[in-house]
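# Coordinate inspection notes
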Amino acid sequence: MEDHPTILLIEDELQLRHNLQILLQSAGYQVTAAANGVQGMQQIQEQAFDLVITDLVMPGMDGFKVMDDLRVHSPETVVVAITGYVSAESAIKALRKGAYDYLAKPLDVDLVYSVVARALEKVRLQKDLQRSLAEIQEREEQLLKAHNELEQRVEERTAALAQANAALLEQIAERQRMEDELLKARKIKSVGVLAAGIAHDFNNLLTGILGYVSLAKVVAQTDAKVVAYLTAAEQACQRATALTQQLLTFAKGGAPVRHTVSLVELLKECVGFVLRGANVRGDIQIAADLWPVNVDAGQINQVIHNVVLNAMQAMPGGGTVQMRAENVILAAGVPFPLPEGRYVKITVQDSGCGIPTKVLANIFDPYFTTKAEGSGLGLTTAYAIVIKHEGYITIASEVGVGTTVVIYLPASQKAPVSAPAHPHIPLSGSGRILVVDDEAMVRNVLRQLLESLGYMVECVQDGTDAVAAYQRAQAAGQPFAVVILDYTIPGGMGGLETLTRLRAIDPQVTALISSGYANNPVLADWAYYGFDGVVVKPYTMAQLQEALHNVL
């Protein structure tokens, strides 16, 4: 493979084909584009390509037919398929037909780079293997010639051949291990993309449910019993939201919003909350001078919650969960991937049933669980969060003795930041608000929530309509006070691009970003991307009003 790998891109959608070609060329690849499968196969007959990226659904000759023809005429060609948004069936069919991997629309830029890089690495490994086999054949021919010419050197040549074969077997074994690791990473990534899509859709549904519950509470405010029932439903929705957070954190590792905090109260409160009402007690020992850490407190709370919950469930007959938090200084050469420096070490130990050695190796795998009612996401999520915080988590266990989980988090040199006082925000407001969301249910519930708060509302389903509505309002002298933009709009202009267009019309536009992908980096650093605030799906009426109050 040359310094600039060659890629054939087959995509019938002009804009996507153009954008993807520019994206790949900017990464140093030589990209040839074809508008359909027939053109693509003509290009393949004229030129060999390192990688073929093909859309699956195209008029005439679709991506599946392209893969069928490649399997017959060029079986070594590596293929990456492009499928529709969260179309698991198409992706699985493509993989069964021999595709190396797939990309789901709308395309994630980082995922595109990652998948293409891994596919080209497979191409390189295939070519290396072919060269190695050719070298072996050449060596064997040389050995046979030498044997015929110089019979007395047979033993020497045989020994050399045996050594070369041993080296080759070791090389092949190493490459097999590498391919196994790549396959594992690809599977986790694929499941992660699916999990993120499910969580996103689930958050949209929860937004509708929570919104209507909030409206119902306003209507039923004089009936204490009904309000109590609705509050319980609201709390149940919030617990469901915690599950989608686990899916999202597992899927993309989370985008922590960090502050320098002390872990003392967080650890005490988390252990107390998990063990409340259980037949397991907590023994907490925290160093008096425990160093602060720069973390997302909510995500670290989730880690501790999952670990302590596992410890409690490992002791159904009762027992003690021991937690220790201490300061440690790690030197170079420790047996885990952390640089030397100052760390806070958190140890959670139970005396439960323990984990068998053969199970321990899979304990952080997604959806792997030994519990009848477990989701298999708890420790996977904990692992993703800790790694995202430049820390490390390890587990040691012995059957019949118990399990010990150790977490390392980098210490911070800064002083902890105190949480600001939470002011009372009245559930009322005024002004015109433009809502942009592709989900009709979300638009409907937002309209009713905002109107019940006193706002005048206009709803549109994508960025193009939003720009037109904003221009009409400006021309009529009735501008919008706030625009609420959904980040992801499949097949339409999303929140980030829409904000850019609105700023060209009105540099003073006030905009909130909203999304069901709660770990989206834009939501974590909304000010950097030009937004005035954020409202994360799902949200209650009070949370929505708080976000509006902050920008108005």
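You'll find the structure just up there.
Anyway, here's the lowdown on the structure attached to this text. The structure presented is a predicted model; accordingly, all values stated were derived computationally and were not measured.

Conventions used here
Residues numbered from 1 in each chain as written. Predicted model: local features only at pLDDT ≥ 70, side-chain atom pairs only at ≥ 80, totals over all residues. Heavy atoms only, no water. Pairing = 2+ DSSP bridges. Helix = DSSP H or I, 4+ residues; strand = E, 2+ residues; numbered from the N terminus. Axes fitted to C-alpha atoms, helices over the stretch in contact; angles between N-to-C directions. Contact = heavy atoms within 4.5 Å. Parallel < 35°, antiparallel > 145°, perpendicular 65-115°, else oblique. Left-handed = near helix turned anticlockwise from the far one by under 90°. Nonpolar A, V, L, I, M, F, W, Y, C, P; charged D, E, K, R; others polar. Phe/Tyr/Trp six-rings, centres within 6.5 Å; stacked < 30°, edge-to-face > 60°. Lys NZ or Arg CZ within 6 Å of the ring centre and 35° of its normal.

This next bit is on the sheet that holds strand β2 (residues 30-34). Taken in spatial order, the five strands make up an open sheet running β2-β1-β3-β4-β5, and their pairing is parallel. Two strands close off the open sheet at either side, each with one partner strand: β2 and β5 (101-104). Between one strand and the next, the sheet's axes are offset by a mean angle of 20°, whatever the strand orientation. Bridge analysis of strand β3 (residues 51-55) against strand β4 (residues 78-83) gives five bridges, and the strand direction is parallel. In the strand pairing of β4, aspartate 55 is matched with isoleucine 82. Where helix α2 (residues 37-46) meets the sheet, it contacts β1 (6-10), β2 and β3, and its direction lies at approximately 160° from that of β1.

This brings us to the packing of helix α8 (residues 264-275) against helix α9 (residues 297-313). At a minimum axis separation of 9 Å, α8 and α9 run at an interaxial angle of 40°. Considering the angle they form, α8 stands oblique to α9. Judged by the sense of rotation from one axis to the other, the crossing of α8 with α9 is right-handed. Facing Leu266, Leu267, Cys270, Val271, Phe273, Val274 and Leu275 of α8, the residues of α9 in contact are Ala297, Ile300, Asn301, Ile304, His305, Val308, Leu309 and Met312. Residue classes in the contact of α8 with α9 are distributed as 13 nonpolar, two polar and no charged.

Turning next to the packing of aromatic side chains. Under the definition given, this model contains two aromatic pairs. Plain terms: the ring middles of tyrosine 528 and tyrosine 529 are 5.1 Å apart, the flat faces sit at 90° to each other, and that makes the pair edge-to-face. Over the ring of phenylalanine 64 we find lysine 93; its NZ or CZ atom is 4.2 Å from the centre of that ring. Against the face of tryptophan 291 rests arginine 342, its NZ or CZ located 3.9 Å from the ring centre.

What follows deals with the environment of proline 479. Topologically, proline 479 is positioned in the loop between α13 (463-475) and β15 (482-486). In contact with proline 479, not counting residues within four places along its chain, are Arg432, Ala473 and Gln474.

Before going further, it helps to spend a moment on the sheet that holds strand β13 (residues 432-436). The five strands lie next to each other as β14-β13-β15-β16-β17, forming an open sheet whose pairing is parallel. Looking at strand neighbours, the two that pair on one side only are β14 (456-460) and β17 (533-536), the edges of this open sheet. Direction aside, neighbouring strands of the sheet carry axes that sit 20° apart on average. Pairing of β15 with strand β16 (residues 511-515), which is carried by four bridges, proceeds in the parallel orientation. Bridge pairing in β16 places valine 483 opposite alanine 511. Sheet strands touched by α13: β13, β14 and β15. Its angle to β13, the strand with the most contacts, is close to 165°. Those strands touched by helix α14 (residues 495-505) are β15 and β16, and its axis lies near 150° from that of β15.

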